Amino acid sequence: MISKLITEIKKKNAPVVVGLDPQMAFLPKFLLDKAIKEKGETLEAAADAIFEYNKGLMDAVADLIPAVKPQIAMYEMFGVPGVAAYKKTVDYAHDKGLVVIGDIKRGDIGSTSGAYAIGHIGKITVGNTEIAPFDEDIVTVNPYLGSDGVKPFIEICNSCDKGIFVLVKTSNPSSGEFQDKKIGDKTLYEEVADTVSEWGKESMDGDYSNVGAVVGATYPEMGIELRKRMKNTYILVPGYGAQGGKGSDLKGYFNEDGLGAIVNSSRGIIAAYKNEKYASFGEEGYADAARQATVDMIEDISQAIG
């Protein structure tokens, strides 16, 4: 699967993924009003508005980017209708030719992780029929329960040609409370990075592994260090834009060939119309604002990595 993502990155010359993390505050009023008129002030109305919002965004940017990254929590907060909107978003992204990175951050004891892996990137047999339940291409995985929680995902990567990005050094301000703790001569995140590299050897797909890593844009010095440490590991880089990461911070996450990383922006793109820089597009032009923000992001990163 990582080779498919790399092919799309090369084709569009854009190591960029748009995070589809909808919130009520981001929804244009006209979309929510339309949904409420049809279904009342209900979770179903909110979910319908979210899916229409996502469709508009994907229609606007699909020709520019290789992938989208829906964050499942932003859908789960709307209950069952929200989860249905998540699945519809995954399917629509595939219809647009986009790679889907499901930001699910799962990781549990072996049998539970196995169920998560099957549900999100694997297949379940019902009678004589194999069905892919959520059918994302790649998902994010939390490694802090150890190999029991990760190996089931790697097995699915190999059997179904899928991928994972394992949390190594996350972009949030408090990540260092645990991740930066020393274990002998190494920090915890360095220990996890080395283990991710070892796991990656079990699922190579060309020069890179289907087992990737999450390293936040908000810690560029650590990004440089981890790029050297995980030579065959593709890096998903959250934290660009609204969280403070800039293109100038990112060169060290990439290899000399311009590959090795893909950078995520969520609210900086999907809520761009609320930013003063793109305010001229207006609420009804939210998708066009998102497109321009995506163009600007691609240019910023391209200049940074040369």
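None of these values were measured; they are calculated from a predicted model. (Residues numbered from 1 in each chain as written. Predicted model: local features only at pLDDT ≥ 70, side-chain atom pairs only at ≥ 80, totals over all residues. Heavy atoms only, no water.)

Caption draft 1: Layout of the packing of helix α6 (residues 110-121) against helix α7 (residues 147-160). Between α6 and α7, the shortest axis-to-axis distance is 8 Å and the interhelical angle comes to 35 degrees. Judged by the sense of rotation from one axis to the other, the crossing of α6 with α7 is right-handed. Between α6 and α7, the contacting residues are Gly110, Ser113, Gly114, Tyr116, Ala117, Ile118 and Ile121 on the first element and Asp148, Gly149, Pro152, Phe153, Ile156, Cys157 and Cys160 on the second. Among the residues forming the contact of α6 with α7, the class breakdown is nine nonpolar, four polar and one charged. (Axes fitted to C-alpha atoms, helices over the stretch in contact; angles between N-to-C directions. Helix = DSSP H or I, 4+ residues; strand = E, 2+ residues; numbered from the N terminus. Left-handed = near helix turned anticlockwise from the far one by under 90°. Contact = heavy atoms within 4.5 Å. Nonpolar A, V, L, I, M, F, W, Y, C, P; charged D, E, K, R; others polar.)

Caption draft 2: Geometry of the sheet that holds strand β14 (residues 261-265). Here we have eight strands rolled up into a closed barrel, ordered β1-β2-β3-β6-β7-β12-β13-β14, and parallel in their pairing. Ignoring which end each strand starts from, the neighbouring axes of this sheet average 30 degrees apart. In this structure, strand β2 (residues 67-70) lies alongside strand β3 (residues 99-106), joined through two bridges in parallel fashion. Residue pairing for β3: Val68 is matched across the bridge by Val100. (Pairing = 2+ DSSP bridges.)

Caption draft 3: Quick peek at the pattern of salt bridges. With the rule as written, the count across this model stands at 20 salt bridges. A salt bridge links Asp63 to Arg291; its shortest N-O distance comes to 2.7 Å. Taken as a pair, Asp63 in the loop between α3 (43-61) and β2 and Arg291 in helix α12 (residues 286-305) lie far apart in primary sequence, 228 residues in all. The partner of Asp296 in a salt bridge is Lys277, with the nearest N and O atoms 3.5 Å apart. Taken together, the positions of Asp296 in helix α12 and Lys277 in the loop between α11 (267-270) and α12 put the pair 19 residues apart, joining distant regions of the chain. Assessed through its relative accessible area of 19%, Asp296 is described here as buried. Take Lys277: its relative accessible area is 57%, and that puts it in the exposed class. (Salt bridge = Lys/Arg side-chain N within 4 Å of Asp/Glu carboxyl O. Buried < 20%, exposed > 50% of the residue type's maximum accessible area, 1.4 Å probe, protein only.)

Caption draft 4: Quick peek at the packing of aromatic side chains. Counting across every chain of the model gives six aromatic pairs. A ring pair is formed by Phe51 and Tyr92, whose centres lie 6.1 Å apart and whose planes are at 90 degrees; its orientation type is edge-to-face. Of the two residues, Phe51 is situated in helix α3 and Tyr92 in helix α5 (residues 79-95); the sequence distance between them amounts to 41 residues. Each of the two residues, Phe51 as well as Tyr92, counts as buried. The lysine or arginine in question, Lys169, covers the ring of Tyr219, its NZ or CZ lying 4.4 Å from the ring centre. (Phe/Tyr/Trp six-rings, centres within 6.5 Å; stacked < 30°, edge-to-face > 60°. Lys NZ or Arg CZ within 6 Å of the ring centre and 35° of its normal.)

Caption draft 5: Just the pairing of strand β7 (residues 163-169), in detail. Across the seven residues of β7, seven count as buried, placing the element largely inside the fold. Pairing of strand β6 (residues 138-141) with β7, which is carried by four bridges, proceeds in the parallel orientation. Paired with Val141 across the bridge in β7 is Val166. Traced from β6 through α7 to β7, the parallel crossover comes out right-handed. Here β7 pairs with strand β12 (residues 211-215) via five bridges, running parallel. Within the sheet, the bridge partner assigned to Ile164 lies in β12 and is Val211. (Right-handed = clockwise from strand over helix to strand, strands pointing away.)

Caption draft 6: View of the state of the cysteines. If you walk through the whole model with that rule in mind, you get zero disulfides. Of the cysteine sulfurs around Cys157, a residue in no disulfide, the closest is that of Cys160, at 9.0 Å. On the accessibility criterion, Cys157 (1% relative accessible area) is buried. (Disulfide = S-S within 2.5 Å.)

Caption draft 7: Highlighting the nonpolar core. Ile164, Val168, Val196, Leu250 and Ile301 are the most contacted members of the largest nonpolar core, which has 84 residues in total. Among the elements that make up this core, the one with the highest residue count is α3 (eleven residues). When near neighbours in sequence (up to four residues on either side) are disregarded, Val196 contacts Val166, Val168, Val211, Gly212, Ala213, Met230 and Thr233. One finds Ile9, Leu167, Val214 and Leu259 within the second-largest nonpolar core, a separate group that totals 18 residues. (Core = buried A, V, L, I, M, F, W, Y, C linked by side-chain atoms within 4.5 Å.)

Caption draft 8: Seen up close, the pairing of β6. Of the two faces of β6, the one holding Ile138 and Thr140 and the one holding Val139 and Val141 are both buried throughout. Across three bridges, β3 lies against β6 in parallel orientation. Bridge pairing in β6 places Arg106 opposite Val141.

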